[in-house]
Amino acid sequence: MRSRRPRPSPRRSSFSRWAEPSDDETAEPSPDPTDEPDPDDVVTFLHVSDLHCNVGMSPVIRRIAELSGADAILDTGDLTMNGTAVERFCVTTFAGAAPDGAPYVLITGNHDSAETAGQARAAGMTVLDGDVIDVEGVRILGDGDPNETRPGIGTQLTSEEDVEAFADRMMRVACDE
């Protein structure tokens, strides 16, 4: 894992000075091209989603993560097709795509399940479950989709919490942090 320098405050990044109001109301703020952020202060995420057990994407994910210097992989769901025990191979294959030192963070989608989440944790992934986590100084909030979609069954709620209650809970967690 790369060593990092202390990060700027999450409420005031190095880019925020470009958004400061100008003394000259007619001037348009423009960043100085020589005033680039310190590379040690930049966090790179590789975002993947809707893999649906397409394990052929695993080497692609790994190569992109390596080439981009990704600090972490953020998967926003549908790692599997049906969230079944037999899809463990898919989960472990994707977990293995993360380069050494780059965490794989998963937010389960409607094609995933509690089974998928357990498999992902066992494979070393971080599974978001409604709490805020810190990844390389970036705060991330997420939770699994409150719905599950299965062939021949359709889409159903997985708990007594409907989508509106889910959204309200996530808003409260985000605002409390």
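How each quantity is defined
- Residues numbered from 1 in each chain as written.
- Predicted model: local features only at pLDDT ≥ 70, side-chain atom pairs only at ≥ 80, totals over all residues.
- Heavy atoms only, no water.
- Helix = DSSP H or I, 4+ residues; strand = E, 2+ residues; numbered from the N terminus.
- Buried < 20%, exposed > 50% of the residue type's maximum accessible area, 1.4 Å probe, protein only.
- Contact = heavy atoms within 4.5 Å.
- Areas by Shrake-Rupley, 256 points an atom, 1.4 Å probe, with all protein chains shown as cover.
- Arc of directions from axis to C-beta.
- Polar contact = N/O pair within 3.5 Å; in protein donor to acceptor, adjacent residues only side chain to side chain.
- pLDDT = per-residue confidence, 0-100.
- Core = buried A, V, L, I, M, F, W, Y, C linked by side-chain atoms within 4.5 Å.

## Describing the overall build of the protein chain
No. 1: When helices and strands are counted, the protein chain shows four helices and eight strands.
No. 2: Written out in order from the N terminus, the α and β elements of the protein chain read β-α-β-α-β-α-β-β-β-β-β-α.
No. 3: A buried classification covers 36% of the 177 residues belonging to the protein chain.
No. 4: Within the protein chain, contacts between residues separated by at least 24 positions form 69% of all contacts whose residues are at least 6 apart in sequence.
No. 5: For the protein chain, the exposed surface amounts to about 10,500 Å²; the carbon and sulfur share of it is 53%.

## A short note on helix H3 (residues 114-122)
No. 1: Every buried residue of H3 is accounted for by Thr-116, Ala-117, Gln-119 and Ala-120. Seen end-on, H3 carries its buried residues on one side only, within an arc spanning 165 degrees. Turned more than 90 degrees away from the buried face of H3 sit Ala-114 and Ala-122, all of them exposed.
No. 2: Turning to H3, the residues buried within the fold contact helix H2 (88-95), strand S3 (104-106) and strand S4 (126-127).
No. 3: By the N-cap criterion, in which a side-chain oxygen at the helix start approaches the backbone nitrogen of a residue two or three places on, H3 is capped by Ser-113, the distance to Glu-115 being 3.1 Å.
No. 4: Just beyond H3, the residue with positive phi is Gly-124, at close to 95 degrees.

## Some remarks on the confidence of the model for the protein chain
No. 1: Averaged over the protein chain, the pLDDT score is 85; the fraction of residues at 70 or greater is 80%.
No. 2: For residues 1-20, every residue scores under 50 in pLDDT, and the model assigns this stretch 30 contacts once sequence neighbours within four places are set aside.

## Examining the nonpolar core
No. 1: If you look at the biggest cluster of nonpolar residues, it comprises 21 residues, and the most contacted ones within it are Ile-61, Ile-73, Leu-79, Phe-94, Tyr-104 and Met-125.
No. 2: At the level of secondary structure, the elements contributing two or more residues to this core comprise strand S1 (45-48), helix H1 (58-68), H2, S3 and H3.
No. 3: In terms of residue count, the dominant contributor to this core is H2 (four residues).
No. 4: Core analysis: the next-biggest nonpolar cluster, separate from the first, contains seven residues, Ala-72, Leu-74, Ile-107 and Ile-140 among them.

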